[in-house]
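Structural features, examined
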Amino acid sequence: MPLTRLIFAWLLAVSSSGVMAREYTYSDAHLHYVDFFQETAGMPELLKAMADNHIEHVMISGIPVAKKWHEDEPKRPRYYAGDDADAYWYSATDVIVAAAVSKLTAEQRQHFHPFLSGFNPNDKNSAMHIQRMLDLYPGLWQGIGEVFTRHDDLTALTSGDTPRANNEAMTRIYHLAAENDLPVLLHSNITSKREKNALYLPEIEEPLRNHPHTRFIWAHAGTSMEIHRHQTRLDFLLPTLTRMLETYPNLYIDLSWSVLTPYLLDEAGKPREAWIRLVERFPERFMLGSDVVGRFDKVGKELRSFDPFLDALPEEVARKVARDNFLTVLPRSVAR
Ligand SMILES: [Zn+2]
């Protein structure tokens, strides 16, 4: 048999036996261009990570708080949890994102989806600040967030009151988001570190019900690494999400890291059947995120870590989750 025919026969054999691995193209629906000190490895590193890892689209946002290097702290902290000093609301984060995106070529820009995050979610003036930022940068912002509301240790370290997703300041912002067709990426923990029930669920459920024209992306499906550290797996998460997705068509789920383990994959790294069924049932409502902060060398690894779960889904659904769903949640004016 000639060599080309041999290769063809082999290709046919592996593809029909399903051995050939799927290659995914990704959208990263949750990426922070800066860290908690508003520092970044910069655009060249991000562009390289995207090119090397088939990441076609990224949501790009700042970090809405800056961690203080407090006068009393002898060493500069390396993370918000590094010491007891507080973090404060920091609007310049959006200026950093806008400047980085404005330096891209028109072609590169099509792959970047800037979200505006630098405002205090406890301040009823914030909607007006957001409007000013929309006016200052016409056509730039494609979403709002990540908004930090209930966020365990970070909430405790942030100066001022704890923001609730259902407070008056946020209500004004949801109206503005709907008017401008902007999705909102919201971090709102489903519970505290110790309560084994959906303690804070009403705080996100109320706006979902009251703002049917606002698209909400629930960061990490309401989970966080800190919650898992204290109570491992929340057994009410899956039934709660199922009910929420059935009830609120304006709800989208960001599956980034604290959802992957221990929910999507078991201890052995095997996809969990119940979660596969949930995603299959709502194929347009889930998206992937890396949640990297200011460093981009691990973006590819983070997104690829979902591959075992994606591989367990029907191919058409897997491609939606990996790439398309994030794009469909963006404003209609954005070319998809
Ligand atoms: Zn985040």
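An unreviewed UniProt entry lists the chain under the name Amidohydrolase family protein, with Pseudomonas tehranensis as the source organism.

1. Topic: the overall build of the chain
The number of helices and strands found in the chain is 15 helices and 10 strands. In terms of C-alpha radius of gyration, the chain reaches 20 Å, essentially the compact-globule figure of 20 Å for 336 residues. Along the first, second and third principal axes, the C-alpha set of the chain runs to 75 × 45 × 45 Å. Within the chain, the proportion of its 336 residues that are buried is 43%. If you take every contact in the chain between residues at least 6 apart in sequence, the share linking residues at least 24 apart comes to 80%.

2. Considerations on helix α15 (residues 315-329)
With 15 residues, α15 extends 20 Å between its outermost C-alpha atoms, agreeing within 8% with the 21 Å of an ideal straight helix rising 1.5 Å per residue. The largest bend in α15 comes to about 55°, at Val321. For α15, the complete set of buried residues consists of Val317, Ala318, Lys320, Val321, Ala322, Arg323, Asn325, Phe326 and Val329.

3. Concerning the nonpolar core
Counting residues in each nonpolar core, the largest one holds 81 residues, and the members touching the most others are Ile144, Val184, Leu186, Ile217, Trp218, Leu288 and Val321. Once you skip the residues sitting within four places of it in the chain, Leu186 turns out to touch Gly145, Val147, Thr149, Ala165, Ile204, Phe216, Ile217, Trp218 and Ala219.

4. A word on the pairing of strand β2 (residues 55-60)
For β2, the tally of buried residues reaches five of six residues, placing the bulk of the element in the interior. Where strand β1 (residues 26-28) lies against β2, three bridges are found, and the strand directions are parallel. The residue of β2 that forms the bridge with Tyr26 is Ile55. Note on the crossover from β1 through helix α2 (residues 43-52) to β2: the handedness is right-handed. Here β2 runs beside strand β5 (residues 112-116); their pairing, made up of three bridges, is parallel. In the sheet register, Met59 faces β5, and the bridge partner there is His113.

5. Details of the sheet that holds β1
Taken in spatial order, the eight strands of this open sheet run β1-β2-β5-β6-β7-β8-β9-β10, and their pairing is parallel. Single-partner strands in this sheet number two, and they are β1 and β10 (286-287). As judged from the three bridges shared by strand β7 (residues 184-187) and strand β8 (residues 216-218), these two strands associate in the parallel manner. Note that in β8 the partner of Val184 across the bridge is Phe216.

Basis of the calculations
- Residues numbered from 1 in each chain as written.
- Predicted model: local features only at pLDDT ≥ 70, side-chain atom pairs only at ≥ 80, totals over all residues.
- Helix = DSSP H or I, 4+ residues; strand = E, 2+ residues; numbered from the N terminus.
- Rg over C-alpha atoms; globule rule 2.2 N^0.38 Å.
- Buried ≥ 20, exposed ≤ 12 C-beta atoms within 10 Å, placed from the backbone.
- Contact = placed C-beta atoms within 7 Å.
- Expected span 1.5 Å × (residues − 1).
- Bend = angle between axes of the 7 residues up to and from the residue.
- Core = buried A, V, L, I, M, F, W, Y, C linked by C-beta atoms within 7 Å.
- Pairing = 2+ DSSP bridges.
- Right-handed = clockwise from strand over helix to strand, strands pointing away.

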